[in-house]
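# Results of the structural survey
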Amino acid sequence: DTAVSQTPKYLVTQMGNDKSIKCEQNLGHDTMYWYKQDSKKFLKIMFSYNNKELIINETVPNRFSPKSPDKAHLNLHINSLELGDSAVYFCASSREGYEQYFGPGTRLTVT
Amino acid sequence: AQKITQTQPGMFVQEKEAVTLDCTYDTSDQSYGLFWYKQPSSGEMIFLIYQGSYDEQNATEGRYSLNFQKARKSANLVISASQLGDSAMYFCAMREGPVQGAQKLVFGQGTRLTINP
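These numbers were taken from a predicted model, which means no experiment stands behind them.

## Description of the pattern of salt bridges
Residue and element names in this part refer to chain A. Per the counting criterion, the structure on display carries 6 salt bridges over all chains. The shortest N-O distance in the salt bridge between D85 and R63 comes to 2.8 Å. Linking D85 in the loop between β8 (73-78) and β9 (87-94) with R63 in the loop between β6 (53-57) and β7 (64-70), this pair joins segments that are 22 residues apart in sequence. Of the two residues examined, D85 and R63, each falls in the buried class.

Okay, here's the thing in structure tokens:
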């Protein structure tokens, strides 16, 4: 059973388009996260939701909008995609105070 | 200032040898947590081991152990009896502050470990 799943795994799109990445966890965790990994492998947190409430919102362009319909899902919508948005986006989840479990990642390529 | 520093961009080790991956951190919090993750070439992030700042004993998980030296602010990962499958990127990460609510993890730059047969 997949613990944290993301769709799609690969996403290739043109500049200016709007796209969404979906994330689901079946671990019963209260907290979910979005991270961005750039081409140099550097990982940085973008957002975190705890019980559907936005808890962490790092300095991310407002073209990025997370949405959590319930505790098990956290989606990421990106408007007006730019070349610099090309990266691997990871969803993660955790119980309060414990390690984070990551999804397989979504490789976004903006052309 | 960087909160997590991994000074070894790459390491090459012979199979079956032990390997130590360095990690130093910077925080003024008394309560924090340190994590190690493995990222193989397939791309997924795999949790390996956790050390809390108040834990008196070094964490161990199978072949992984964490050499936690609080005064030096270091949390090195030790892999014993390395295997070819250990070849991957390894990331050290820190959670600052208490454990309640969402944990913001700050990651280091990573170390690419290659195990030679």
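Still more ground to cover, so stick around.
## What to know about the side chain of Q100 of chain A
Mapped onto the elements of the fold, Q100 of chain A is located in the loop between β9 and β10 (101-102). Judged by relative accessible area, Q100 of chain A falls into the buried class, the value being 1%. Side chain to side chain, Q100 of chain A and Y35 of chain A meet in a polar contact 2.8 Å long. Ignoring any residue separated from it by four or fewer positions in sequence, one finds Q100 of chain A in contact with Y33, Y35, A92, S93 and S94 of chain A together with Y37, F47, Q103 and L105 of chain B.

## Section: the sheet that holds strand β3 (residues 19-25) of chain A
Residue and element names in this part refer to chain A. One open sheet holds the 4 strands; their spatial order is β1-β3-β8-β7, and the pairing between them is antiparallel. Whereas interior strands pair on both sides, the edge strands pair on one side only; in this sheet they are β1 (4-7) and β7. If you compare each strand with its neighbour and ignore which way they point, the axes differ by 20° on average. Bridge count between β7 and β8: 5 bridges; the pairing is antiparallel. Residue pairing in the sheet places P66 in a bridge with L76 of β8.

Criteria and thresholds
Residues numbered from 1 in each chain as written. Chains lettered and ligands numbered in written order. Predicted model: local features only at pLDDT ≥ 70, side-chain atom pairs only at ≥ 80, totals over all residues. Heavy atoms only, no water. Salt bridge = Lys/Arg side-chain N within 4 Å of Asp/Glu carboxyl O. Helix = DSSP H or I, 4+ residues; strand = E, 2+ residues; numbered from the N terminus. Buried < 20%, exposed > 50% of the residue type's maximum accessible area, 1.4 Å probe, protein only. Polar contact = N/O pair within 3.5 Å; in protein donor to acceptor, adjacent residues only side chain to side chain. Contact = heavy atoms within 4.5 Å. Pairing = 2+ DSSP bridges. Axes fitted to C-alpha atoms, helices over the stretch in contact; angles between N-to-C directions.

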